[in-house]
Amino acid sequence: MKKLRGKYGKTEVDIMLREVYKNRTVFVTGHTGFKGSWLTIWLLSLGAKVVGYSLYLPSDPCNFVVCNLKDRVTHIDGDIRNIKDLRNVFSKYNPDIVFHLAAQPIVRRSFDDPKLTFDTNVGGTINILECIRNTSSVKAAIIITSDKCYQNVEWVWGYRENDRLGGDDPYSASKACAEIVCNSYIKSFFSKKDLSRISTARAGNVIGGGDWAVDRIVPDCVRAFSENNVLEIRNPQATRPWQHVLEPLSGYLWLGANLLNNNSNVVGESFNFGPSDNVNRSVKELIDEFVKVWGNGKWRAIVNDIANKKEAGLLKLNCDKALFYLKWHAVLSFEETVKMTAEWYKAYYNGEKDMFDFSVRQIEEYIYLAKKKGLVWVE
C-alpha cells in the first residue's frame with residue numbers, strides 16, 4: 001500500500017504495479033531520454049532496481065540530470081549498436097524485464113543522418129532482441145517504437161495495430177522496420193511458453209516536464225518563453241494527439257505486468273497507447289493553452305524553410321485493442337495534460353530544489369486521477 005503525499009495525503013491507493021515491479025531488476029535502454037527518464041522515476045517509485053543503458057544526455061538541461069537519476073540507478077554509458085557491450089551488461093545484471101526505448105528520435109535529424117537513424121533504430125533493436133534471446137533471466141520485454149511506424153495517409157480515423165506499416169521519411173521507415181524485425185523474432189525465436197514474452201508498444205507526441213529536446217514544440221515554447229523571446233512555429237495547424245508522458249508509460253508498465261503474468265492475449269502482440277479523440281488538437285491550440293498556464297508568451301508562424309522535410313499534418317492512433325485486452329485508456333483531458341506539463345516547467349524555473357520529488361508527486365497525482373476513473377492497474 002502506497003500513501004500519496006501532498007494534497008492527496010488522505011488517500012491510499014493500492015498500486016498493482018508495485019506488486020509486479022518491486023525488487024525486480026529492470027533494464028531500460030534510453031533511460032537518459034525524456035520518456036526513459038520518466039519511466040525510470042516511476043519504476044524507482046515502485047521499488048524496482050533499474051539498470052539504465054544510454055549513449056548520451058539528450059539536451060542541456062535534461063530530465064535525467066535535473067532529477068539526479070544517476071545516483072539512484074545503475075547508470076551505464078553504452079551504445080545499443082555495440083552488441084558486445086550489451087551482451088556483457090545482460091550477463092552481469094541478469095534483468096527480469098526489459099524496456100527498450102533507446103533511439104534516434106528526431107524526424108528532421110533523420111534526413112541529415114539517415115544511416116545513423118537506421119543503424120540505431122533497426123540495428124539497435126536487433127541487438128536488444130539478440131541479448132534477450134540469449135539471457136534466460138529475461139521474462140518479459142517491451143520494445144517501444146512509435147506511432148510513426150504506420151504508413152501515414154492522413155485519414156481522419158485512428159490507425160489500428162494491423163494497419164499497414166511504412167514511412168516516407170527515414171525516421172518513420174526505421175520504426176516500421178523495427179516493428180517488422182520484432183514480429184520476425186517473436187515468431188521465430190520467442191514462440192515457446194517458457195521463453196521471454198515480448199510485445200511492442202506504439203505511442204507518439206508525448207509532452208510533459210523535463211523535455212528540452214530540439215525541434216519539439218513544448219521545449220521550443222519553454223526556451224522562448226523563459227527568455228521572453230517570440231516563439232517561431234513552422235506549421236501551427238498541424239494536428240497531433242497530444243498526451244502527457246505518463247499516459248503511455250502507464251500503458252507500458254501495465255503491458256509489462258501482463259507479460260510477466262503470462263497473459264496470453266498480449267504476448268507477442270503490438271499495442272497503441274494514445275489519448276482520446278478530444279485531445280487531438282492543433283499546434284496552435286497547444287501553444288495557446290500552454291501560454292494560459294505559463295502566464296505569458298508570444299509566437300508567430302513562419303514559412304517552413306525546408307520544403308522536402310515534410311512532416312505529417314494528421315496522425316492519431318486507435319487504442320481499442322489496449323482497452324479490450326488491457327482495460328487501459330488515457331486519463332487526462334487536453335487541459336489537464338498541458339497544465340501538468342507547464343506546472344513542471346514553472347516549478348523548475350522558479351527554483352524547485354527537488355525535481356525528482358516533484359516528478360514523483362505528479363505521478364501520484366496521475367495515479368489519483370486514474371483511480372477516480374476506475375483504471376484496473378490502480379485497483
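Please refer to the structure higher up on the page.
So, here is what we can say about the structure in this document. All values derive from a computational prediction rather than experimental measurement. (Residues numbered from 1 in each chain as written. Predicted model: local features only at pLDDT ≥ 70, side-chain atom pairs only at ≥ 80, totals over all residues. Heavy atoms only, no water.)

## Focus on the environment of K346
By the element assignment, K346 lies in helix α12 (residues 334-349). Judged by relative accessible area, which is 31%, K346 ranks as partly exposed. It is 32 Å that separates the C-alpha atoms of K346 and K22, two residues lying 324 residues apart in sequence. Contact partners of K346, with chain neighbours within four places excluded, come to V293 and W294. (Helix = DSSP H or I, 4+ residues; strand = E, 2+ residues; numbered from the N terminus. Buried < 20%, exposed > 50% of the residue type's maximum accessible area, 1.4 Å probe, protein only. Contact = heavy atoms within 4.5 Å.)

## Quick word on the packing of helix α2 (residues 34-45) against helix α9 (residues 246-260)
One way to put it is that α2 packs onto α9 with a least axis distance of 10 Å and a crossing angle of 60°. Between α2 and α9, the interaxial angle falls into the category oblique. Pair α2 / α9 crosses with right-handed handedness. Facing α2, whose interface residues are K35, W38, L39, W42 and L43, α9 presents L246, L249, S250, Y252 and L253. Its residues placed into classes, the contact of α2 with α9 shows 8 nonpolar, 1 polar and 1 charged. (Axes fitted to C-alpha atoms, helices over the stretch in contact; angles between N-to-C directions. Parallel < 35°, antiparallel > 145°, perpendicular 65-115°, else oblique. Left-handed = near helix turned anticlockwise from the far one by under 90°. Nonpolar A, V, L, I, M, F, W, Y, C, P; charged D, E, K, R; others polar.)

## Overview of the packing of aromatic side chains
The tally for this structure, following the rule as stated, stands at 23 aromatic pairs. With a centroid separation of 5.9 Å and an interplanar angle of 65°, the aromatic rings of W42 and W377 are classed as edge-to-face. Of this pair, W42 sits in helix α2 while W377 sits in the segment after α13 (355-372); the two residues are 335 residues apart in sequence, bridging distant segments of the chain. W42 sits in the buried class, given a relative accessible area of 1%. Take W377: its relative accessible area is 0%, and that puts it in the buried class. Among the aromatic side chains, those forming a connected cluster through ring pairs are W212, F225, F290, W294, W344, Y345, Y348 and Y349. Here the basic side chain of R72 rests over the ring of F356, its NZ or CZ set 3.7 Å away from the ring centre. One Lys or Arg, K327, reaches over the ring of F324 and ends 5.7 Å from the middle of that ring. (Phe/Tyr/Trp six-rings, centres within 6.5 Å; stacked < 30°, edge-to-face > 60°. Lys NZ or Arg CZ within 6 Å of the ring centre and 35° of its normal.)

## Considering the pairing of strand β4 (residues 49-54)
Among the 6 residues that make up β4, 5 are buried, leaving the element largely enclosed by the rest of the structure. Where strand β3 (residues 25-29) and β4 come together, 5 bridges link them in parallel fashion. By the bridge assignment for β4, F27 is matched with V51. Considered for its hand, the β-α-β crossover made up of β3, α2 and β4 is right-handed. (Pairing = 2+ DSSP bridges. Right-handed = clockwise from strand over helix to strand, strands pointing away.)

## Considerations on the packing of helix α10 (residues 283-294) against α12
Following both chains from N to C, one finds α10 and α12 inclined at 50°, their axes separated by 9 Å at the closest point. With respect to α12, the axis of α10 lies oblique. For the crossing formed where α10 meets α12, the hand is right-handed. Where α10 abuts α12, its residues E285, L286, E289, F290, V293 and W294 lie against F334, E335, V338, K339, T341, A342, E343, Y345, K346 and Y349.

## Some words on the nonpolar core
Residues Y21, W42, F99, I217, F273, F290 and W377 are the most contacted members of the largest nonpolar core, which totals 94 residues. Setting aside its immediate chain neighbours within four residues, Y21 contacts V26, L43, L46, G47, A48, I97, F99, Y252, L253, G256 and A257. Of all hydrophobic cores here, the second largest spans 24 residues; its members include F27, V51, I143 and I198. (Core = buried A, V, L, I, M, F, W, Y, C linked by side-chain atoms within 4.5 Å.)

## Overview of the sheet that holds strand β7 (residues 140-144)
One open sheet holds the 7 strands; their spatial order is β5-β4-β3-β6-β7-β8-β13, and the pairing between them is parallel. The sheet is open, and its two borders are formed by β5 (74-77) and β13 (270-272), each paired with just one other strand. With strand direction ignored, the average angle separating the axes of adjacent strands in the sheet is 20°. Inspection of the sheet shows strand β8 (residues 197-202) paired to β13 by 3 bridges, in the parallel sense. Considered in β13, the bridge of T200 is made with S270. Those strands touched by helix α4 (residues 83-93) are β3, β4, β5 and β6 (97-100), and its axis lies near 170° from that of β4. The strands that α9 touches are β6, β7, β8 and β13; relative to β7, the one it contacts most, it runs at about 150°.

## Notes on unusual backbone geometry
D60 connects to P61 through a cis peptide bond whose omega is 0°. Relative to the assigned elements, P61 resides in the loop between β4 and α3 (63-66). With a phi angle near 60°, E154 is a residue other than glycine that sits in the positive phi range. Counting through the fold element by element, E154 comes out in the loop between β7 and α7 (170-189). Even without being a glycine, N228 presents a positive backbone phi close to 60°. Along the chain, N228 falls in the loop between α8 (217-226) and β10 (230-233). Among the residues examined, N228 registers a relative accessible area of 67% and is labelled exposed.

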